[in-house]
Protein chains: 2
Amino acid sequence: MPRSASVKDVAAAAGVSLGTVSNVLNRPDRVSPETRERVLKAMADLGFVRNESARQLRAGTSRTLAYVMLDASNPFFTDVASGIDAAAETADLSLVLCNSRNSATRELSHLALLEQQRVQGILVTPVDPDSPALDEVARRGTPVVVVDRTRADQSFCSVAVDDVLGGRLAVEHLIDRGHTRVAYVGGPAHLGQVRDRHEGAREAWAAAGRPADALVAIETSELSVAEGREAGARLAGLPARRRPTAVFCANDLLALGLLQHAISSGVRVPGELAIVGYDDIDFAAAAAVPLTSVRQPRQLLGRTAAELVLDEAGNPDHTHRQVLFTPELVARASTLG
Amino acid sequence: MPRSASVKDVAAAAGVSLGTVSNVLNRPDRVSPETRERVLKAMADLGFVRNESARQLRAGTSRTLAYVMLDASNPFFTDVASGIDAAAETADLSLVLCNSRNSATRELSHLALLEQQRVQGILVTPVDPDSPALDEVARRGTPVVVVDRTRADQSFCSVAVDDVLGGRLAVEHLIDRGHTRVAYVGGPAHLGQVRDRHEGAREAWAAAGRPADALVAIETSELSVAEGREAGARLAGLPARRRPTAVFCANDLLALGLLQHAISSGVRVPGELAIVGYDDIDFAAAAAVPLTSVRQPRQLLGRTAAELVLDEAGNPDHTHRQVLFTPELVARASTLG
DNA sequence: TCGTCAGGTTGAAACCTTTCAATCCGCATC
DNA sequence: GATGCGGATTGAAAGGTTTCAACCTGACGA
């Protein structure tokens, strides 16, 4: 493999100075058409590829944005990413995606590398929003925006969706549909989302004057399809008197698992069991019984996050903002008789 | 924002030369414990962050691998990515993901930037495997491996799965289950995968001595859930005599759409209609009627691709290889009465 | 004919790190 | 007391690009 040609080589080949080559690259209008042609030809001949490290070192500015995602296999996050991507494209930046796969260690090493690469900004859905590592990065000068999570202190910009409201919407809908025994399925409980959605569910329940013990909680060990099935089995095991007629799941994966269990064991949905999910991923609408779900503006979430980070990177009098979006209930067959 | 401290600043603060600081960073054993301490403290105090561009410029070597994915919202590709990620982690490289979202233009600009960044290697599932842009990149010295696609000429390494065999497996299974009228649903036809799977289906059909016209083909405009539903409607519109009792879909998204249509219109699966998908994404097993599907070794695909690209990057007598994996039929309820 | 001007072009400095040969120092050995 | 040794540290060069002040060359106006 022939080591890549440099501007110097191109300059020599085209019989111009190296400053001119750089001009062709960066300010093509300042160089006469003939020379430009000659230089471009030399580049093509030599297979010249601009060395981005050197460019960045000298120019001091990078052309990329990064999103450290929590779990690339969850469609929710890839949708957020595509919103970010759209914004990045508009700003003529390129987006690199890193996947921490739920591991704090991986997240940390991604953050470190991105920082060293002097990316314009880092968007991150952190394993633990309270990790001090995030503050460190921000303190050292790389703009950081937290996506789909929030923090008590307002130490950086964040975008999230009002999960308490989302929980309320879901349970209000079930109350409207006449259900009097409802289950909330979600976990693990240390996740902010899981707690907030539960909180909203309880608020709505209490506001309707229903007895607290008629809102059953079932805790799962993770937010997956498999756990949803498992939860279905546990529900089915309850004595008929105490068995809920509707379930609100902390996300769509759980809801899909639950739905699957119901169908395979002959439980009619929504006749015997109504189901509400959360996230409204594409597979929710595509399920065998299309799923009622709480929709989050995923793309918008991403786009807004990108705009915030760019503002922080470019605008001298930037101030941190915590943007909270409003979720929306999408009613489908799984709750509509 | 205080412009980031450099090794020089750290050296000054710690009262050592700048070479020593570099040693602390790269060969910590060569510097005495006390000095090391002092330097590390200075780094922490100043919030020093190593400038990766400068490092890379001088050292000439980058620590990253890239995967340009075709469509991040398809779980198949994120699974492939996680296989790559695992291999990258083993090799102590970090992986950046780029999403071309089915656009040749975006793909091109990602390739260009990655090349300029001198990544160790590029893995790509290209929009068009025959695009000359890929050759250019490779010719100029960046190792390129094509993932989940192949090319007639063997100009670079590739990993893929034998789609003809996959198609055969699917249809053989349906023949075994006694079906005599089968439909193949897939499209657009210019995709290699779609053609190959169809080809395999026809081979199996012919091998069983079935009349060619009893294998109906339904072409879709893309491989999505929506198109699957649409295909379901078209099937339902056929006169009963000519209506197939089983369908083989070119991917799981189509199959899920088809399943959804069947269930919502009261067609029993598999009783009246058996369905086979392709890819065996997680949602296939999680569907209301768990889907029989042709499984591809996704993670392995990714891992192998990463190994090939690393070999090309590091091994002087590397030779291009086209690895072809064998798919496997996973039979589930959607075909098992 | 001289001065001015503008469009092209040049050359050197700067960006920050790594590398490596050279130097330094204290200590053991003869 | 001189020599040699090894570990720790130093200083300068190199890597490819961008930037910017300076320079060159015709052309044009006076």
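Residues numbered from 1 in each chain as written. Chains lettered and ligands numbered in written order. Predicted model: local features only at pLDDT ≥ 70, side-chain atom pairs only at ≥ 80, totals over all residues. Heavy atoms only, no water.

Engineer: Explain the relation of the copies chain B and chain A to me, please; I cannot follow it from the model alone.
Structural biologist: The second copy of the chain is related to the first by a rotation about an axis and a shift along the axis. Overlaying chain B with chain A gives an RMSD of 0.1 Å, the required rotation being 180° about an axis along which the chain moves by 0.0 Å. On this basis, the relationship between the two copies can be described by a two-fold rotation axis. Looking at the interface residues of chain B, 100% of them are also at the interface in chain A, so both copies use one shared face. (Least-squares fit on C-alpha atoms with pLDDT ≥ 70 in both. Contact = heavy atoms within 4.5 Å.)

Engineer: What am I meant to see in the protein's contact with DNA strand C here?
Structural biologist: The immediate surroundings of DNA strand C are formed by 24 residues, with A:Ser17, A:Thr35, A:Arg58, B:Val7 and B:Arg27 found nearest. Among atoms of DNA strand C positioned within 4 Å of the protein, sugar and phosphate together represent 70%. At a separation of 2.9 Å, a phosphate oxygen of DNA strand C approaches a polar side-chain atom of A:Thr20. Between B:Ser22 and DNA strand C, the recorded distance is 3.4 Å, taken from a side-chain N or O atom to a phosphate oxygen. Elements represented by at least two residues in the surface near DNA strand C include exactly α2 (18–26) and α4 (52–59) of chain A together with α2 (18–26) and α4 (52–59) of chain B. A class-by-class count of the residues in the surface near DNA strand C yields nine nonpolar, 10 polar and five charged. (Near = heavy atom within 4 Å. Polar contact = N/O pair within 3.5 Å; in protein donor to acceptor, adjacent residues only side chain to side chain. Helix = DSSP H or I, 4+ residues; strand = E, 2+ residues; numbered from the N terminus. Nonpolar A, V, L, I, M, F, W, Y, C, P; charged D, E, K, R; others polar.)

Engineer: Could you clarify how one ought to interpret the sheet that holds strand β10 (residues 292–295) of chain A in this entry?
Structural biologist: Residue and element names in this part refer to chain A. On the basis of which strands lie adjacent, the open sheet formed by six strands has the order β7-β6-β8-β9-β10-β12 and mixed pairing. In this open sheet, the two strands that pair with only one neighbour each are β7 (215–219) and β12 (328–330). Shown here is a sheet whose adjacent strand axes are inclined to one another by a mean of 20°, direction ignored. When strand β6 (residues 182–186) meets β7, the two strands line up parallel, connected through five bridges. Looking across to β7, one finds that Gly186 is bridged to Glu219. In the packing of helix α10 (residues 225–236) onto the sheet, the strands contacted are β6, β7 and β8 (246–249), and the crossing angle to β7 comes to about 135°. (Pairing = 2+ DSSP bridges. Axes fitted to C-alpha atoms, helices over the stretch in contact; angles between N-to-C directions.)

Engineer: Teacher, can you tell me more about the sheet that holds strand β9 (residues 274–279) of chain B here?
Structural biologist: Hydrogen bonds between backbone groups are what pair the strands of a sheet, and the pairing can be parallel or antiparallel. Residues and elements named next belong to chain B. Strand order in the open sheet formed by six strands is β7-β6-β8-β9-β10-β12, and the pairing between neighbours is mixed. In the strand order of this sheet, the two ends are held by β7 (215–219) and β12 (328–330), each with one partner. Strand after strand, the sheet turns through a mean of 20° between neighbouring axes, direction not considered. The pairing of strand β8 (residues 246–249) with β9 spans three bridges and is classified as parallel. In the sheet register, Val247 faces β9, and the bridge partner there is Ile275. Along the sheet, helix α8 (residues 163–176) makes contact with β6 (182–186), β8, β9, β10 (292–295) and β12, crossing β9 at roughly 160°. Along the sheet, helix α11 (residues 252–264) contacts β6, β8, β9 and β10; its crossing angle with β9, the most-contacted strand, is approximately 155°.

Engineer: Can you walk me through the pairing of β10(B) in this structure?
Structural biologist: The two faces of a sheet get side chains in turn, since along a regular strand they alternate between them. All names here are of chain B. When β9 meets β10, the two strands line up parallel, connected through four bridges. Counted as the bridge partner of Val276 is Thr292 from β10. For β10 and β12, the ladder comprises three bridges, and the chain directions are antiparallel. When the sheet's bridge partners are listed, Arg295 is paired in β12 with Glu328.

Engineer: Can you walk me through the nonpolar core in this structure?
Structural biologist: The nonpolar side chains of a soluble globular protein tend to be buried, and buried together. Grouped together as the largest cluster of nonpolar side chains are 147 residues, with contacts concentrated most on A:Tyr67, A:Leu123, A:Phe248, B:Tyr67, B:Leu123 and B:Phe248. When near neighbours in sequence (up to four residues on either side) are disregarded, B:Leu123 contacts B:Ala66, B:Tyr67, B:Val68, B:Ile84, B:Val145, B:Val147, B:Ala305, B:Ala306 and B:Val309. Formed by 28 residues, the second largest nonpolar core is a distinct cluster that contains A:Val68, A:Leu111, A:Val144 and B:Val124. (Core = buried A, V, L, I, M, F, W, Y, C linked by side-chain atoms within 4.5 Å. Buried < 20%, exposed > 50% of the residue type's maximum accessible area, 1.4 Å probe, protein only.)

Engineer: How should I be thinking about the interface of chain B and chain A in this particular structure?
Structural biologist: Size of an interface: often given as the accessible area lost when the parts come together. With 48 residues of chain B at the interface, the matching set in chain A holds 48 residues. Both sides of the chain B and chain A interface together cover about 4400 Å² of buried area, and 57% of this is carbon and sulfur. Put simply, chain B and chain A have six salt bridges between them. Note that A:Asp85 is salt-bridged to B:Arg101, the shortest N-O span being 3.4 Å. Where chain B packs against chain A, one counts 19 residue pairs in polar contact (both at pLDDT 80 or more). (Buried area = accessible area lost by both parts, 1.4 Å probe. Salt bridge = Lys/Arg side-chain N within 4 Å of Asp/Glu carboxyl O.)

Engineer: Would you take a moment to explain the protein's contact with DNA strand D for this structure?
Structural biologist: Around DNA strand D, a shell composed of 25 residues is seen, among which A:Val7, A:Arg27, B:Ser17, B:Thr35 and B:Arg58 lie nearest. If you look at DNA strand D and keep only atoms within 4 Å of the protein, 65% of those are sugar or phosphate atoms. Between DNA strand D and A:Asn51, the relevant distance is 3.4 Å, taken from a phosphate oxygen to a main-chain nitrogen or oxygen of the residue. In the model, a base oxygen of DNA strand D is placed 3.3 Å from a nitrogen or oxygen of the A:Arg58 side chain.

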